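# Analysis of the macromolecular model
The lines below spell out each chain.
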Amino acid sequence: MSKCRNLLASTALLTLGAVPALAEPLGIGRAALPEEVAAWDVAIMPDGRGLPQGGGNVLDGEDLWIEQCAVCHGDFAEGAGNWPQIVGGLGTLMDDRPVKTTDSYWPHLSTVWDYVNRSMPFGAAQTLTGDEVYAITAYILYSGGLVDDDFELTHENFTSITLPNADGFFVDDRDDVELPLFTQEPCMSDCRAPVSISARATDIDVTPEFPIIRFTYSDGSAPAPAPTDTVEEASAEPEAAPAEEAVQMASLDPALVAAGEAAWRQCRTCHQLGDGARNGTGPQLNGVVGQAAGHADGFRYSPALIEASEGGLVWTEETLDAFLENPAGLIPRNRMSFRGVRSEDERAALIAYLMSYSN
Amino acid sequence: MTDTPNDAAKTPRGTSRRDFLRTAGLAAGGAMVGAGAKAASPDPLITEVQPYASFLGEGVDATPYGMPIHFEDHVVRRNVEWLTADPISSINFTPIHALDGTITPQGCAFERHHSGAIEMSKDEYRLMITGLVDKPLVFTFGDLMRMPRVQHTYFCECAANGGMEWGGAQLNGAQFTHGMIHNMEYTGVSLRTLLNEAGVKPEGTWVYVEGHDASSNGRSIPMEKALDDCIVAFYANGEALRMEHGYPVRLVVPGWEGNMWVKWLRRIGVHDGPIESREETSKYTDLMPDGRARKWTWVMDAKSVITSPSPQVPVSHGPGPMVITGLAWSGRGKVTRVDVSVDGGVNWQEARIAGDPQSMAVTRFYFDHVWDGAPMFLQARAIDETGYVQPTKEQLRAIRGLNSIYHNNAIQTWYVNENGDAENVEVS
């Protein structure tokens, strides 16, 4: 903690007097009840303190994984799309492209348990039981080849597991290694030989489009745009919407559809639309308007939604409006963990947007 | 085509840079009045009565809470889609290239969420202190408002700011290379005051802070820092925190990496060691060339960047007087000096620092330059009150290699060609 002492020493003068001196407590606030502390104080320490009693095995973990985790992290924790790979990559930390996973990089198993318990599954956090978290953690260990398929992880054997990279970290040493080099009097003239370009971002070309800011000058001075830009300008054509899309939207209010597209941002993490749409955390929604609930082939719907579908629920503008306003109100215990859309206008826009993909 | 200054920058989203250049070229041509600053014909903007000089503008009831005028629509946060798997657990970038001064308006200050920005009212808000304290406590928002308040301006920089540039020049714009930073004036309660209410036990050497959002991603902070200058903040730049900045309450951890500035602050746990959470082990640790990783790299080292000219704000005039400006900051204290080079670091000159630099806050610098029309390699270099001199990328790479992702505080180079166009380059 020498760094902190140094920091305190250097900032003490600045902060003294800026903050009221420590005094007798003001007596503001109330005592936290044990139930309240239990509800929120769920952090797990590296030595296992904080773990609840219980356990879960690899096979149960595999079922949970397929159901709850595989859509983003792959059936074997190998990752899907741009989502994190959870296991693998052992021995790659010195490579050009290191693969940092629970078994190649993470130092503590407690971190895996704590993170799954508090933050996962993405979009439905804090819905797993303690035993389910043990089982999923056991499955992650199994997927990384660290335990056998008959392994059960419990609060009693938890700290017997040491992750491969447990010793791979050291406390920030910039003060010792870098400060001596970076606190020397800087050179002001003839500091190096004339420079030339060794790498340019435009060669990689991964920057999003952005507008260029230019001004008007009273002397009319303005350099001509760079030749490459001029050449490309000549061939630039206005972007035309595909004809079929125009036809498809013909009967819908384009402004409403556009508003719906903007509102769709809150849905697209879980749902896909359009060409190549696939089931993700939620089902793909092409053609959803006018269909019976549970329309997407291959999606694992909740029992509650299947029941509603068998009961005759069809996604009309009216039922969609009610569902979007309060998902749990229309279909209790369904799995769409979404707060709902309060604005009636926004719901109408979203439904119009869905209809534009529902011919 | 109008030639209102800067109007042409109001390019609709989706319009390409090429389209823009075409219209901008027309604007420049239309405004061309000949060298020597002598007008060939009278300027109609002066000789003809303009609509705004004759008709009436908007009344005081038109806009109870205003947005910037539409000519500034391009001054917005932007994200880089390929950086993250989705826009919920993601980051965007402050348009630092288009701002001046030091304070970042909340509406365009970068956002980083792990499970999205949540909507929580002041009435719903609860804050709990647990763990190694004499008295575990619960506070409401109203309770916080009854405690002695403090006020400070601090920068908040994501540890990954510039992280895409370790391997080479990659993103072409100051917004994208350096925009994971904002600088705000915070009002709130000292974290020390809150801990004093609960009474920290002698063995309580760390706090663990976490948020109300679905990720609740938390960070461990040593007690020395927690008792020093951290603020439990509820106002920024004179108004309530915006939703995306943690409304109603966030933590401010001056000079330290932005990931520790927990938004929607829910709980402060007092412990006898660090939790070693996901955000302080698998992320926000700096992988070194030997395959081991630095942890607890909390302090943000001194850094600077020229915000204009830069790829998004090229030099759009000819040779002659111009302003080179940028931002400098240090997590170790005040910025005391900024040097600027126009030749890629061969020769340096001291820039003017605007206003009084504050500790662990952003400092604005200006360098008044007369451009001779030749290509320039623009660089800035910050020096803080501890004597720390912002290093070059080669210096950092020699120690840290290419895979540390975080804490890239290297000197940035913009190449400005004879047309005034600017681009992100590395030089050797």
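Since this is a predicted model, take the numbers as computed values, not measurements. (Residues numbered from 1 in each chain as written. Chains lettered and ligands numbered in written order. Predicted model: local features only at pLDDT ≥ 70, side-chain atom pairs only at ≥ 80, totals over all residues. Heavy atoms only, no water.)

### Regarding the overall build of chain B
Threshold: Secondary structure is summarised from DSSP: a helix means a run of H or I of at least four residues, a strand means a run of E of at least two, and numbering begins at the N terminus for each. The size measure is the radius of gyration over C-alpha atoms, and the globule rule it meets is 2.2 Å times the number of residues to the 0.38 power. Classification of residues uses two cut-offs on accessible area relative to the type maximum, computed with a 1.4 Å probe and protein chains only: under 20% is buried, over 50% is exposed, and between them is partly exposed. Computed by Shrake-Rupley with a 1.4 Å probe, the accessible areas treat only the displayed protein chains as cover when residues are assessed. Note that His is not counted, nor are the chain ends; the positive residues are Lys and Arg, and the negative ones are Asp and Glu. Charge placement uses NZ in Lys and CZ in Arg. For Asp and Glu, CG and CD serve respectively.
Within chain B, the regular secondary structure consists of seven helices and 23 strands. The C-alpha radius of gyration of chain B comes to 24 Å, within 12% of the 22 Å expected for a compact globule of 428 residues. Every one of the 428 residues in chain B was classed for burial, and the buried ones make up 63%. Counting only carbon and sulfur atoms, one obtains 53% of the accessible surface of chain B, whose full area is about 15200 Å². Once the 38 positive and 51 negative side-chain charges of chain B are each reduced to a mean point, those two points are 4 Å apart.

### Here we look at the interface of chain B and chain A
Heads up, the rule is: The contact criterion used is simple: two residues touch if any of their non-hydrogen atoms lie within 4.5 Å. A 1.4 Å probe defines the accessible area here, and the buried area is the portion of it lost by two parts on being joined, summed over both. The rule for a salt bridge is simple: a side-chain nitrogen of Lys or Arg has to be within 4 Å of a carboxyl oxygen of Asp or Glu. What qualifies as a polar contact is a pair of N or O atoms within 3.5 Å, subject to a donor-acceptor requirement within protein and to the restriction that residues adjacent in sequence count only when both atoms come from side chains. Think of it as three bins: nonpolar holds Ala, Val, Leu, Ile, Met, Phe, Trp, Tyr, Cys and Pro, charged holds Asp, Glu, Lys and Arg, and polar takes everything else, Gly as well. Between any two strands, pairing holds if DSSP finds at least two bridges.
Across the contact, 151 residues belong to chain B and 116 residues belong to chain A. Of the roughly 11800 Å² buried between chain B and chain A, counting both surfaces, carbon and sulfur atoms make up 59%. Where chain B packs against chain A, one counts eleven salt bridges. In this structure, Asp175(A) engages Arg332(B) in a salt bridge whose closest nitrogen and oxygen atoms are separated by 3.3 Å. On inspection of chain B and its partner chain A, the count reaches 46 residue pairs in polar contact (both at pLDDT 80 or more). If you tally residues by element for the side of chain B that touches chain A, the top one is helix α1 (residues 17-31) of chain B, at nine residues. Per-class residue counts for the side of chain B that touches chain A are 61 nonpolar, 49 polar and 41 charged. Examined bridge by bridge, strand β4 (residues 169-171) of chain A and strand β14 (residues 293-295) of chain B share three bridges and lie parallel to one another. Bridging across to β14(B), Phe169(A) finds its partner in Ala293(B).

### Considering the domain arrangement of chain A
Residue and element names in this part refer to chain A. Short version of the rule: Annotation comment: domain bounds sourced from an automatic or database domain assignment.
With domains assigned, chain A is organised as domain 1 (40-160) and domain 2 (244-355). A straight line from the C-alpha centre of domain 1 to that of domain 2 covers 32 Å. Contact residues are listed per partner, giving seven residues for domain 1 and six residues for domain 2. Summing both partners gives a buried area of about 540 Å² for domain 1 against domain 2, and 48% of it is carried by carbon and sulfur. Of all residues in domain 1, Glu67, Val71 and Phe122 bury the most surface against domain 2, accounting for 58% of the area lost on that side. Summed over the shared surface of domain 1 and domain 2, the result is zero salt bridges. Elements that contribute at least two residues to the side of domain 1 that touches domain 2 include exactly α3 (58-68) and α4 (70-73). Classifying every residue of the side of domain 1 that touches domain 2 by side-chain character gives five nonpolar, one polar and one charged.

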